[in-house]
Amino acid sequence: MPEALQHLITEMTPWLQQYGYLLLFVAIAVEGFGIPAPGQSLLIVASLLAATGQMSLPLVLIVACVAALSGNSLGYFIGRRFGEVLLRKGWIKPQLEDKIHSVIGQYGIAALVLSRFVEGLKQFMFIGCGLAKMPFKQFVMGNLLATSIWVTLFGLGPVLIRDEIAPILTFYHQHKYPTWAIVSLLLILLLHFSWRKFQVKNQ
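Residues numbered from 1 in each chain as written. Predicted model: local features only at pLDDT ≥ 70, side-chain atom pairs only at ≥ 80, totals over all residues. Heavy atoms only, no water.

Engineer: Before we move on, can you summarise the overall build of the protein chain with the specific residues and values?
Structural biologist: Of regular secondary structure, the protein chain possesses nine helices and zero strands. Element order for the protein chain, N to C, with α for helix and β for strand: α-α-α-α-α-α-α-α-α. The 203 residues of the protein chain split such that 43% are buried. Within the protein chain, contacts between residues separated by at least 24 positions form 77% of all contacts whose residues are at least 6 apart in sequence. When the accessible surface of the protein chain is split by element, carbon and sulfur atoms take 67% of a total near 11,200 Å². (Helix = DSSP H or I, 4+ residues; strand = E, 2+ residues; numbered from the N terminus. Buried < 20%, exposed > 50% of the residue type's maximum accessible area, 1.4 Å probe, protein only. Contact = heavy atoms within 4.5 Å. Areas by Shrake-Rupley, 256 points an atom, 1.4 Å probe, with all protein chains shown as cover.)

Engineer: Tell me about the UniProt feature "transmembrane region" (unreviewed entry) in the protein chain, and name the residues and values.
Structural biologist: Mapped onto this numbering, the UniProt entry gives "transmembrane region" (unreviewed entry) at residues 20-45, 57-79, 139-157 and 177-195. As annotated, residues 20-45 has a helix share of 73% and a strand share of 0%, and its two end C-alpha atoms lie 11 Å apart. (UniProt positions renumbered as here; feature names shortened; annotations may be inferred.)

Engineer: Can you tell me about helix α3 (residues 57-89), naming the residues and giving the values?
Structural biologist: Helix length check: α3 (33 residues) gives 41 Å between terminal C-alpha atoms against 48 Å at 1.5 Å per residue, more than 12% under. By the largest-angle criterion, F82 marks the main kink of α3, which is about 80°. Residues of α3 that are buried include every one of V60, V63, A64, A67, A68, G71, N72, G75, Y76, G79, G83 and L86, and no others. G90 sits one or two positions beyond α3 and adopts a positive phi of about 85°. (Expected span 1.5 Å × (residues − 1). Bend = angle between axes of the 7 residues up to and from the residue.)

Engineer: I'd like to hear about unusual backbone geometry, residue by residue, with values.
Structural biologist: In terms of backbone geometry, most residues other than glycine have negative phi values and most peptide bonds are trans. Here the phi dihedral of K133 falls at roughly 60°; this positive angle occurs in a residue that is not glycine. Along the chain, the position of K133 falls in the loop between α6 (125-131) and α7 (136-160).

Engineer: Account for the pattern of salt bridges, with residues named and values stated.
Structural biologist: Scanning the entire structure with this criterion turns up one salt bridge. A salt bridge links R116 to E31; its shortest N-O distance comes to 3.8 Å. Of this pair, R116 sits in the loop between α5 (109-115) and α6 while E31 is found in helix α1 (residues 3-31), placing the two residues 85 residues apart along the sequence. Each member of the pair, R116 as well as E31, is classed as buried. (Salt bridge = Lys/Arg side-chain N within 4 Å of Asp/Glu carboxyl O.)

Engineer: Residue-level account of a nonpolar patch on the surface, with values.
Structural biologist: Judged by side-chain polarity, L22, F25, V26, I62 and V66 come together as a nonpolar surface patch covering roughly 440 Å² of accessible area. Considering every element that reaches the nonpolar patch, the biggest residue donor is α1, with three residues. When you line up the elements, V66 lands in helix α3. Under the relative-accessibility criterion, V66 is labelled partly exposed at 44%. (Patch = residues over 30% accessible without salt bridge, like charges linked within 9 Å, V, L, I, M, F, W, Y side chains within 5 Å.)

Engineer: How would you sum up the side chain of T147? Please name residues and give values.
Structural biologist: Within the element layout of this structure, T147 appears in helix α7. With sequence-adjacent residues up to four places away left out, T147 is seen in contact with C65, A68, L69 and N72.

Engineer: Kindly report on the packing of aromatic side chains, identifying the contributing residues and their values.
Structural biologist: Considering all chains together, one arrives at six aromatic pairs under this definition. Plain terms: the ring middles of Y76 and F136 are 6.0 Å apart, the flat faces sit at 45° to each other, and that makes the pair tilted. Taken together, the positions of Y76 in helix α3 and F136 in helix α7 put the pair 60 residues apart, joining distant regions of the chain. Here Y76 falls in the buried class, since its relative accessible area comes to 1%. On the basis of an interplanar angle of 80° and a centroid distance of 6.3 Å, the ring pair of F126 and F139 is categorised as edge-to-face. Within this pair, whereas F126 is found in helix α6, its partner F139 is found in helix α7, the two being separated by 13 residues in sequence. The pair formed by F126 and F139 is uniform in burial state, with each residue classed as buried. Members of the aromatic cluster, joined through ring pairs, are Y76, F77, F126, F136 and F139. The positively charged end of R116 is found above the aromatic ring belonging to W150, 4.1 Å away from the centroid. (Phe/Tyr/Trp six-rings, centres within 6.5 Å; stacked < 30°, edge-to-face > 60°. Lys NZ or Arg CZ within 6 Å of the ring centre and 35° of its normal.)

Pasting the structure below:
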C-alpha cells in the first residue's frame, strides 16, 4: 500500500472512530458551498473501515449521498440568491467566476460531474451554478448524477476493490484530468441521446 494512502488511513481513522457519521456528513456537505474539507478522503477511509466491519457500509453510502446532495443544493441557492454579494465582498474572485462560467457554458450538466473530482472547482461549482442561474431542473439532474457517480466510486468502490485500490488510486492521481475528460465526454453523449429520445417520445 502506498505510503500516502497508509498515511491517509492512519490520519483519518481516529477522527471517524470518534465522530463517526456526523463528521463524514459535515465534511462532505460543506464542500458543496465553498468550504474546503477532506470529504472525499474521509469517504474512502470510511468505506475501507466498513469493509472491515468497523462502520456500516449502507450508512456510509446514505450519509455521503444525503450530505453531497444537501450541501450542493445549499451551494446552488447561495449562489443564486447571494452570488452578487459574494462577488462584491471578494469571497469569489472574478477569475474563478470566469472559469466556472466557462466550464458550465461548455459542458452543462457534465460540468457538475467533472467538478466533483477537481479540487478548487468542486468547492465552488455549485455556488457558480446558482450564480450563473442554471435552470433548477438541470441543476437537480446534474446534482443527482454527480453525487451518484462520486459516491459509487469513492464510497462503494474501495470496498469492492480494496485489494487493488492502491494501484488504481495511483493511476487516478497521475491521469486525473484525461480520465475525467473522457468520462465527461461519455456523459455528454449519454445525456444528448437521452434528451433526443425524450423529445422524440413526446412529439
